[in-house]
Each structure stands twice: as structure tokens, then as C-alpha cells.
Amino acid sequence: MNEKQRLESQQTIKADTVASKPEKDYSKYFQSVYTPPSLKDAKKRGKEEVEYHKDFEIPEQFQGLGKGRKYYIRTYGCQMNEHDTEVMAGIFMELGYEAVDSVDEADVVLLNTCAIRENAENKVFGELGHLKPLKLERPDLLIGVCGCMSQEESVVNRILEKHQFVDMIFGTHNIHRLPQILNEAYMSKEMVVEVWSKEGDVIENLPKVRRGNIKAWVNIMYGCDKFCTYCIVPYTRGKERSRRPEDIVQEVRQLAAHGYKEVTLLGQNVNAYGKDFEDIDFTLGDLMEELSKIDIPRIRFTTSHPRDFDDRLIEVLAKQGNLVDHIHLPVQSGSSDILKIMARKYSREHYLELVRKIKAAIPNVTLTTDIIVGFPNETDEQFEETMTLYKEVGFETAYTFIYSPREGTPAARMKDNVSMEVKKARLQRLNDLVNEMAREAMEKYEGQVVEVLVEGESKNNPDVLAGYTRKNKLVNFKGPKSIIGQLVNVKIINAKTWSLDGEMIEIDEQVEVV
Ligand code: SAH
Ligand code: SF4
Ligand code: F3S
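Because the structure is a prediction, the values reported are computed rather than measured.

### With respect to the overall build of the chain
- Per the secondary structure count, the chain includes 14 helices and 22 strands.
- The C-alpha atoms of the chain give a radius of gyration of 24 Å, which matches the 24 Å a tight globule of 514 residues would have.
- For the chain, the share of sequence-separated contacts (at least 6 apart) that also reach a separation of at least 24 residues comes to 76%.
- Counting every atom, the chain has about 23,300 Å² of accessible surface; 48% of that belongs to carbon and sulfur.
- With 70 positive and 84 negative side-chain charges, the chain shows a separation of 3 Å between the mean positions of the two kinds.

Here it is, written out as C-alpha cells:
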């Protein structure tokens, strides 16, 4: 489908959707593009093949659109969003816009939003509240909402009703249409809404302005088909679709050639990589093996789902080299019953067996995880199972969350007999355990020498440099600014819960570096 056909088909959706919802007819707000999202449509997994477009370019009529104009993007949410922001920054740059660091200096402000929990959404609505007076003061300022919240009908409706000063809303599948959307917003006095409920294709060769020149994110796949019952992501990011191996390998090679030292491969469930290919049999393990041949010091991936973590991947990771020995493996709960209602499709026993296999193959591996407490009707015993699993695996740290109901997901319809007070108490107990075990893991480093990728000055003290180890531990130490961007050896003197203090050293071959 070419761009013109696609737009025409989007226009058809527009007419249908508006017609089928007469009670909420927002069409009076629009004369121009209006394609609203639908969670019901987003749930349908399209059978049609994903098309790969390699020919992205800024249409001629929009070149120079940003001349003399400035943009600012505020990013919420996960690395996927951070990376989408880099792509949008690339498009802004090609349009001739200049980047600025604050809303006050900008002519265009984009909020790249996250829908994962209610508090993520509240932050965005709070920010919209702050932007309103600015828009009243400077009517020419363009304000846009994009990212995962834009894919939700309820959010778009709320913006339409209560935040009419917003100029554009667009979703996660059409960020490559930023030039058209901006142009439309300049031309029209009405709000421009273009959100595609069905996933887009894979668009290659999008321009990017990466944050920094030391570490880079590389998408390997988009979307998620797992439909965990609590999660909004499959609705906001569409079906699983993988980038072709040759495109990923080429991107990582280019990053290596430009001197990048670390790459993080991105996907909501990277272990499903390649499952959608019909012409080749190529999995994440195969991809990691290819990437391990590239001359770049560190390669990571996030996030992996335990269900698709196969033996081939473990075998490849065990060779290590530039594949780091840190695996983030979200477990969500230690109770098989809760895991079942979450539709995670593995049990406590399966998870522990996977951990056993990983540890057998990579004895020095560091495991970290994500946990949700207070899932509907979680009992005290089920919560205790999460605590015991945490200890049994020996996680070094975790992101922990109180369950947040997301409209349109199956779990949001479940009755819940657990009070917020109980949920908060459980989170506190879990966090105490997480902190205690994080500290224990850090203390083991005292006296050891670690390899640190130096990223810059410490946020808290400009006289100190900061960087991360292969296992993603933050290290602070004194050294010359000239080593920023390099890998150096640091002897750890003092361990704290979330960081290590050390001294830079020259080493001889006798010393083991971890
Ligand atoms: N794809 C990743 C997770 C991405 S979302 C995976 O499956 O592992 C990041 C984390 O947010 C999840 O691991 C989960 O712990 C948390 N999360 C997702 N939906 C949530 C919800 N409705 N309430 C609370 N936490 C949630
Ligand atoms: Fe959400 Fe589950 Fe997909 Fe992760 S695997 S993004 S938790 S649905
Ligand atoms: Fe949030 Fe969307 Fe990422 S919901 S966590 S920004 S995929």
C-alpha cells in the first residue's frame, strides 16, 4: 500500500467510526484529518503481511517546514518511547527545526506519552494543565500528544472534551507521518487527530538524532501479541513484527563504525523475535550470534519474556564476548495461580527451571526482574510466594509496581477484594527485600575490578565521572574528562545500595575484571 492509498483507507475508517458512534460525535471539531483510535480494532491481529518500507524521505513540499522554528519533546515511559523520540527528533531535524531544552523556548511541544499505569497518565494530564496558560499566551505554539496514550480511545476523548487547546494527537504507528501532521496542524485551526488502530508496517531508514554517542538503542521488533491480562501494550503497540536481520545487523555495524560502545536491542518481548518471518527460520539466538561477530564491546536486550526464552538463546549468550551477562527477565509474580490469571503462560516452576538452565550455562549471570503486587484478589499466601521466589532466584534488583487497572484489558473487569492499603504494605515489604538484596549484591564488588563504560560527569558531583559495568551497575570514580566514552578499569572501594565508588586503575593481566 502506498502512502496515498493508506491515507485514503484511513479516511474510510474515519467515516465509519464517526458514524457508528453518534452519541459522541466530535466531527464538529474537525475539518481536516480525524482518525480516532479504537481499542477493539487494536485488539484484532491483522492477517495481512507486514510490509517493509525502506524508502522513507521527507516529501518535497514539507522541506524547510521547520526553518526558524524550534521543537521540544518531553518523553515518558519505556526505552521504546525514548527511541521513538530520537526518531521524531531526526524528522524534526530533517525538516529544519532546531532542538531546544525547554517548553518556553519552543514553537512546537510534543508529549510522547506512556499508558502503562494510571500514574503515568496522570503525569501527562498534569503537564497538559501546565501547558494551557502557555498556549493562551502564545496561540501560535503547537502542542501535540503522541505515544501510547494517544492509542487509547478514552484518552483521545478526554483531550477532545477537556483540553481543546491541543493541536495534534497522533499514535505510535504513524510517527513517520510527523511532517504531514505538523503541516496539517499549521494549516488548520482545528485539532488534528491521526491515530491508526491497526499496526503499521515496518519503516526503515527513518532519520534519528540519538541521545549521546556512547550507547544506542536499536529496535529489533515492534508490538506485542502476548496479551497479559493486565497490560495495555498489545493495544497501543500493535501486533508483533520483526525487523529483517540484515537491517538490524547493518544498523549495529554502522553504530560500531561511528564509535558507539554499547547497543541495547529493543522490543516488548524480544524473545518472540523472528516468529513472524514466513520465509526464514531465524530467532533471537540466531540474531545475537550474528551481532556477537560485530566489533562493538557490549550488546544487551530488553525486555525478554520467560515464555519464549529458548535453549538456542541460552547457548549463544553463554559464549558471552560482547553479549553481556545481565538478563532482565520479568517474572511479575511468584504464584502459579496469579501467573495463570495474568495469562503469562508459565508457572513458578517453569520460571525457576529456566533460571536454573540460564545459571548452569552462564554461572556469573546477573538476573533482574519486574514484579506486580496487588493483582486482583491476590492472597497473602500468593504474595509470600513472590517473596520466596525473589530470594530463591537471587535477583539483584527489580522494578516493582502496584497493579493499575487499564481500561479495555481483561483484568480491569475483574472484581478485586484487595484494599489499596494492603497493596501498599505488600509493595513496601517487597521493596525492603529488593533493597536488601541489591545491597548484598553490591557489597560483593568491594575490592574487585570492574570494566566501566564512562558516560560523563556524575549527576550529583561534576568532579566525579560516572559509568556502568557490563551488569549495569552505576560506578562513580575520579578521572580525567578525556576518558568519557571509553571503557576503563575501576577498583571498587565502597559499595552503596544503588551505586559503587571506585578508583581508576591500570591493570596487569593477572587481575580478573568483572
Ligand atoms: N514486555 C515486558 C513488560 C513491559 S511493561 C514484559 O512482558 O516483560 C513493564 C512492566 O510494567 C511490566 O513488566 C509490568 O511489571 C509492569 N506493568 C505492566 N502493566 C501494568 C499494570 N497494568 N499495572 C502495574 N504494572 C504494570
Ligand atoms: Fe505487556 Fe505482557 Fe506484552 Fe509484556 S509481554 S508488553 S507485560 S502484554
Ligand atoms: Fe509505556 Fe508504551 Fe512503553 S505504555 S511502557 S511507553 S510501550
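### Examining the sheet that holds strand S5 (residues 108-113)
- The seven strands lie next to each other as S1-S8-S7-S6-S5-S3-S4, forming an open sheet whose pairing is parallel. Here the strands that pair on one side only, and so sit at the sheet edges, are strand S1 (34-35) and strand S4 (98-99).
- Examined bridge by bridge, strand S3 (residues 70-75) and S5 share five bridges and lie parallel to one another. Bridge pairing links Ile73 to Leu110 in S5.
- Its contacts with the sheet put helix H3 (residues 79-95) on S3, S5, strand S6 (142-147) and strand S7 (168-170), and the angle it makes with S3 is roughly 175°.
- Helix H6 (residues 178-187) rests against S5, S6, S7 and strand S8 (192-194) of the sheet, and its axis sits at about 160° to S7.

### Looking at the pattern of salt bridges
- This model, assessed by the stated rule, comprises 38 salt bridges.
- Put simply, Arg356 and Glu353 hold a salt bridge, and the shortest N to O gap is 2.8 Å. Here Glu353 and Arg356 lie together in helix H12 (residues 348-361), a separation of three residues that amounts to about one turn.
- Residue Glu353 is classed as partly exposed on the basis of its relative accessible area of 35%.
- A salt bridge links Lys473 to Glu396; its shortest N-O distance comes to 2.6 Å. Of the two residues, Lys473 sits in the loop between strand S19 (465-468) and strand S20 (474-478) while Glu396 sits in the loop between helix H13 (380-393) and strand S17 (397-402), which places them 77 residues apart along the sequence.
- Residue Glu396 is classed as buried on the basis of its relative accessible area of 16%.

### Observations concerning helix H9 (residues 284-292)
- Leu284, Gly285, Asp286, Leu287, Met288 and Leu291 are the residues of H9 that are buried.
- Buried residues along H9 sit against helix H8 (245-257), strand S13 (262-266), strand S14 (298-302) and helix H10 (311-318).

### Describing the domain arrangement of the chain
- Partitioning the chain into domains gives domain 1 (3-34 + 48-194), domain 2 (202-443) and domain 3 (449-504).
- Spacing between the C-alpha centres of domain 2 and domain 3 amounts to 26 Å.
- The partner domain 3 presents 20 residues to the 24 residues of domain 2 that form the contact.
- Among the residues domain 2 hides against domain 3, the three largest losses belong to Ile214, Arg298 and Met442. Together they make up 38% of the total.
- Across the salt bridge formed by Asp325 and Lys471, the nearest N and O atoms sit 3.8 Å from each other.
- On inspection of domain 2 and its partner domain 3, the count reaches 14 residue pairs in polar contact (both at pLDDT 80 or more).
- Looking at the side of domain 2 that touches domain 3, the element that brings in the most residues is helix H14 (residues 420-443), giving six residues.
- Across the side of domain 2 that touches domain 3, the residue classes break down as eight nonpolar, seven polar and nine charged.

### Re the site of ligand 3
- Lining the immediate surroundings of ligand 3 are Cys78, Asn81, Cys114, Ala115, Ile116, Cys148, Arg237 and Gln268.
- When the residues that make up the shell around ligand 3 are grouped by side-chain class, the tally is five nonpolar, two polar and one charged.

### Some words on the environment of Asp311
- Looking at the element boundaries, Asp311 is found in helix H10.
- Exposure remark for Asp311: the relative accessible area of 46% places this residue in the partly exposed category.
- As for Asp311 and Val124, which are separated by 187 residues in sequence, their C-alpha atoms are 41 Å apart.
- One polar contact links Asp311 to Lys357, side chain to side chain, over a distance of 2.9 Å.

### With respect to the side chain of Lys471
- Counting through the fold element by element, Lys471 comes out in the loop between S19 and S20.
- According to the relative accessible area criterion, Lys471 is buried, its value standing at 11%.
- Side chain to side chain, Lys471 and Thr366 meet in a polar contact 3.1 Å long.
- Apart from residues lying up to four places away in sequence, Lys471 is in contact with Asp325, His326, Asn364, Val365, Thr366 and Tyr445.

### Observations regarding the layout of surface pockets
- Within this model, the second largest pocket holds a volume of roughly 640 Å³.
- In terms of lining residues, the second largest pocket is bounded by 28 residues, among which Val87, Ile203, Leu206, Lys208 and Tyr222 are the most central.
- Considering every element that reaches the lining of the second largest pocket, the biggest residue donor is H8, with five residues.
- Its residues assigned to classes, the lining of the second largest pocket comprises eight nonpolar, 10 polar and 10 charged.
- Inspection of the lining of the second largest pocket shows a minimum of three residues originating in each of domain 1 (3-34 + 48-194) and domain 2 (202-443).

### Examining the UniProt feature "domain: Radical SAM core" (unreviewed entry) in the chain
- The UniProt record annotates "domain: Radical SAM core" (unreviewed entry) at residues 210-440.
- End C-alpha atoms of residues 210-440 are separated by 35 Å, and the span's content is 39% helix alongside 16% strand.

### What to know about the pairing of S14
- Where burial is concerned, most of S14 is hidden: five out of the five residues are buried.
- Judged by which residues are buried, S14 turns out to be covered on both faces: Arg298, Arg300 and Thr302 on one side and Ile299 and Phe301 on the other are all buried.
- Following the backbone out of S13, through H9 and into the adjacent parallel S14, one traces a crossover that is right-handed.

### Things to note about the site of ligand 1
- The immediate surroundings of ligand 1 are formed by 15 residues, with Gln268, Pro330, Gln332, Asp370 and Ser404 found nearest.
- Between Arg344 and ligand 1, the recorded distance is 3.2 Å, taken from a side-chain N or O atom to an oxygen atom.
- Asp370 is positioned with one of its side-chain polar atoms (N or O) 2.6 Å from an oxygen atom of ligand 1.
- Considering ligand 1 on its own, with 550 Å² of exposed area, one finds that the protein chains cover 90% of that surface.
- Those elements that provide at least two residues to the shell around ligand 1 are strand S16 (366-373) and S17.
- A per-class count over the shell around ligand 1 returns seven nonpolar, four polar and four charged.

Conventions and cut-offs
- Residues numbered from 1 in each chain as written.
- Chains lettered and ligands numbered in written order.
- Predicted model: local features only at pLDDT ≥ 70, side-chain atom pairs only at ≥ 80, totals over all residues.
- Heavy atoms only, no water.
- Helix = DSSP H or I, 4+ residues; strand = E, 2+ residues; numbered from the N terminus.
- Rg over C-alpha atoms; globule rule 2.2 N^0.38 Å.
- Contact = heavy atoms within 4.5 Å.
- Areas by Shrake-Rupley, 256 points an atom, 1.4 Å probe, with all protein chains shown as cover.
- Lys, Arg positive; Asp, Glu negative; His and termini not counted.
- Charge placed at Lys NZ, Arg CZ, Asp CG, Glu CD.
- Pairing = 2+ DSSP bridges.
- Axes fitted to C-alpha atoms, helices over the stretch in contact; angles between N-to-C directions.
- Salt bridge = Lys/Arg side-chain N within 4 Å of Asp/Glu carboxyl O.
- Buried < 20%, exposed > 50% of the residue type's maximum accessible area, 1.4 Å probe, protein only.
- Domains from an automatic or database assignment.
- Buried area = accessible area lost by both parts, 1.4 Å probe.
- Polar contact = N/O pair within 3.5 Å; in protein donor to acceptor, adjacent residues only side chain to side chain.
- Nonpolar A, V, L, I, M, F, W, Y, C, P; charged D, E, K, R; others polar.
- Near = heavy atom within 4 Å.
- 1 Å grid on protein atoms, 1.4 Å probe; cavity = no way out; pocket = protein on both sides within 12 Å on 5 of 7 lines; lining within 4 Å.
- Points joined across faces, edges and corners; volume = space filled by probe spheres on them.
- UniProt positions renumbered as here; feature names shortened; annotations may be inferred.
- Right-handed = clockwise from strand over helix to strand, strands pointing away.

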